[in-house]
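# Examining the three-dimensional arrangement
What follows is the residue order along each chain.
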Amino acid sequence: MSDTLPPCPACSSAYTYEMGALLVCPECGHEWSPSAASAEAGGDKVIKDAVGNVLADGDTVTVVKTLKVKGSPTGIKAGTKVRNIRLVDGVDGHDIDCKIDGFGAMQLKSSVVKKV
């Protein structure tokens, strides 16, 4: 082989191989197309808030709608400020990791917050 194949985007394994039009990782079984790998390498995922502002780590955001919290009788009220957020690749669209006063650490969706 004259060219090197990119590592697996799922587990970062260096042992990828080609199978037809796809690249395959033998360690985790992840399959992807080489064109998708080059598109991912071109730029990071941009996370935007409810009104379209780009979010970054360390930003302060405001909750735009009242959220129910399992195990809490009150929930998080609209207008609550959340400081020092961290952007993560969460589950079910929860892409903000933060600490909220009175509730503790939790994850929020970017669609329910607005950058301050």
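Residues numbered from 1 in each chain as written. Predicted model: local features only at pLDDT ≥ 70, side-chain atom pairs only at ≥ 80, totals over all residues. Heavy atoms only, no water.

## Describing the overall build of the chain
Helix and strand counts for the chain come out as 1 helix and 9 strands. Secondary structure elements of the chain, listed N to C terminal, follow the sequence β-β-β-α-β-β-β-β-β-β. For the chain, the proportion of contacts with a sequence separation of at least 24, taken over those separated by at least 6, is 36%. Put simply, the chain shows about 7800 Å² of open surface, and 50% of that area lies on carbon and sulfur atoms. (Helix = DSSP H or I, 4+ residues; strand = E, 2+ residues; numbered from the N terminus. Contact = heavy atoms within 4.5 Å. Areas by Shrake-Rupley, 256 points an atom, 1.4 Å probe, with all protein chains shown as cover.)

## Structural notes on the pattern of salt bridges
All told, the structure shown has 2 salt bridges when counted by the stated rule. Its salt-bridge partner being Asp-59, residue Lys-115 comes within 3.5 Å of it at the nearest N-O pair. With a gap of 56 residues between them, Lys-115 in strand S9 (residues 113–115) and Asp-59 in the loop between helix H1 (34–42) and strand S4 (61–63) connect regions that are remote in the sequence. Here Lys-115 falls in the partly exposed class, since its relative accessible area comes to 31%. Taking the relative accessible area as the measure of exposure, Asp-59 reaches 14% and is therefore buried. (Salt bridge = Lys/Arg side-chain N within 4 Å of Asp/Glu carboxyl O. Buried < 20%, exposed > 50% of the residue type's maximum accessible area, 1.4 Å probe, protein only.)

## Looking at the nonpolar core
In this structure, Ile-76, Val-82, Ile-96, Cys-98, Ile-100, Leu-108 and Val-113 are the most contacted members of the largest nonpolar core, which totals 16 residues. At the level of elements, S4, strand S7 (94–100) and strand S8 (104–109) are the ones that each hand at least two residues to this core. Element by element, the count of residues in this core is highest for S7, at 3 residues. What Ile-96 contacts, discounting residues up to four positions off in sequence, is Leu-55, Ile-85, Arg-86, Leu-87, Val-88, Met-106, Gln-107, Leu-108, Lys-109, Ser-110 and Val-113. Counting residues in each nonpolar core, the second largest holds 5 residues, with Leu-5, Cys-8, Leu-23 and Cys-25 among its members. (Core = buried A, V, L, I, M, F, W, Y, C linked by side-chain atoms within 4.5 Å.)

## Things to note about the side chain of Thr-16
Relative to the helices and strands, Thr-16 is located in the segment before strand S1 (17–19). For Thr-16, a relative accessible area of 10% puts it in the buried group. The residues contacting Thr-16, other than those within four sequence positions of it, are Leu-5, Pro-6, Pro-7, Cys-8, Val-24, Pro-26 and Trp-32.

## A word on unusual backbone geometry
In terms of backbone geometry, most residues other than glycine have negative phi values and most peptide bonds are trans. Even without a glycine there, the phi angle at Ser-12 is positive, about 65 degrees. By the element assignment, Ser-12 lies in the segment before S1.

## Some points on the side chain of Asp-49
Take Asp-49: it is sitting in the loop between H1 and S4. It is Lys-115 that comes nearest to the buried, bridge-free Asp-49 among opposite-charge side chains, at 7.4 Å. Among the polar contacts listed, one links the side chain of Asp-49 to the backbone nitrogen of Gly-52, at a separation of 2.9 Å. Polar contacts involving the side chain of Asp-49 include one to the main-chain amide nitrogen of Asn-53, which spans 2.7 Å. What Asp-49 contacts, discounting residues up to four positions off in sequence, is Leu-55, Ser-110, Val-113, Lys-114 and Lys-115. (Lys, Arg positive; Asp, Glu negative; His and termini not counted. Polar contact = N/O pair within 3.5 Å; in protein donor to acceptor, adjacent residues only side chain to side chain.)

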